[in-house]
Amino acid sequence: MYLRLRDIREDNDRTQAQMAEKLGCSQQTYSRYEAGKAQMTYETLSTLADYFGTSVDYLLGRTDVRTPYPKSKRT
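What counts, and at which threshold
- Residues numbered from 1 in each chain as written.
- Predicted model: local features only at pLDDT ≥ 70, side-chain atom pairs only at ≥ 80, totals over all residues.
- Heavy atoms only, no water.
- Helix = DSSP H or I, 4+ residues; strand = E, 2+ residues; numbered from the N terminus.
- Rg over C-alpha atoms; globule rule 2.2 N^0.38 Å.
- Buried < 20%, exposed > 50% of the residue type's maximum accessible area, 1.4 Å probe, protein only.
- Contact = heavy atoms within 4.5 Å.
- Areas by Shrake-Rupley, 256 points an atom, 1.4 Å probe, with all protein chains shown as cover.
- Axes fitted to C-alpha atoms, helices over the stretch in contact; angles between N-to-C directions.
- Parallel < 35°, antiparallel > 145°, perpendicular 65-115°, else oblique.

Quick look at the overall build of the protein
Then comes step 1: Within the protein one finds five helices and zero strands.
Then comes step 2: The order of α-helices and β-strands along the protein, N terminus first, is α-α-α-α-α.
Then comes step 3: Whereas a compact globule of 75 residues would reach a radius of gyration of roughly 11 Å, the protein reaches 12 Å, a difference of no more than 12%.
Then comes step 4: Across its three principal axes, the protein shows a C-alpha extent of roughly 35 × 25 × 20 Å.
Then comes step 5: Within the protein, the proportion of its 75 residues that are buried is 31%.
Then comes step 6: Sequence-distant contacts, at least 24 apart, represent 48% of the contacts inside the protein between residues at least 6 apart.
Then comes step 7: Accessible surface, the protein as shown: approximately 5,300 Å² in total, 44% of it carbon and sulfur.

Here we look at the packing of helix α2 (residues 16–23) against helix α3 (residues 27–35)
Then comes step 1: Where α2 contacts α3, the two axes come as close as 8 Å, and the packing angle between them is 105°. Viewed along their axes, α2 and α3 adopt a mutual orientation that is roughly perpendicular. Along the contact surface, α2 presents Gln 16, Ala 17, Met 19, Ala 20 and Leu 23, while α3 presents Gln 27, Tyr 30, Ser 31 and Glu 34.

This is a description of form; function is not addressed.
Have a look at this one:
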């Protein structure tokens, strides 16, 4: 499910331990995310997309466009 997590993490020279710390989870949990053995919450996916400056759809492999979508103007 999370096809690009490992690639984008490695492209940004981050370890699983660093990403786990950013997300407030264990390195083992983050490893399970990358392996597709655990599902992330929407909030976790959103945090990663913001951190890497991309969209959730990019992380999920639904698009090849890395740039994030424009922010919504809803109030």
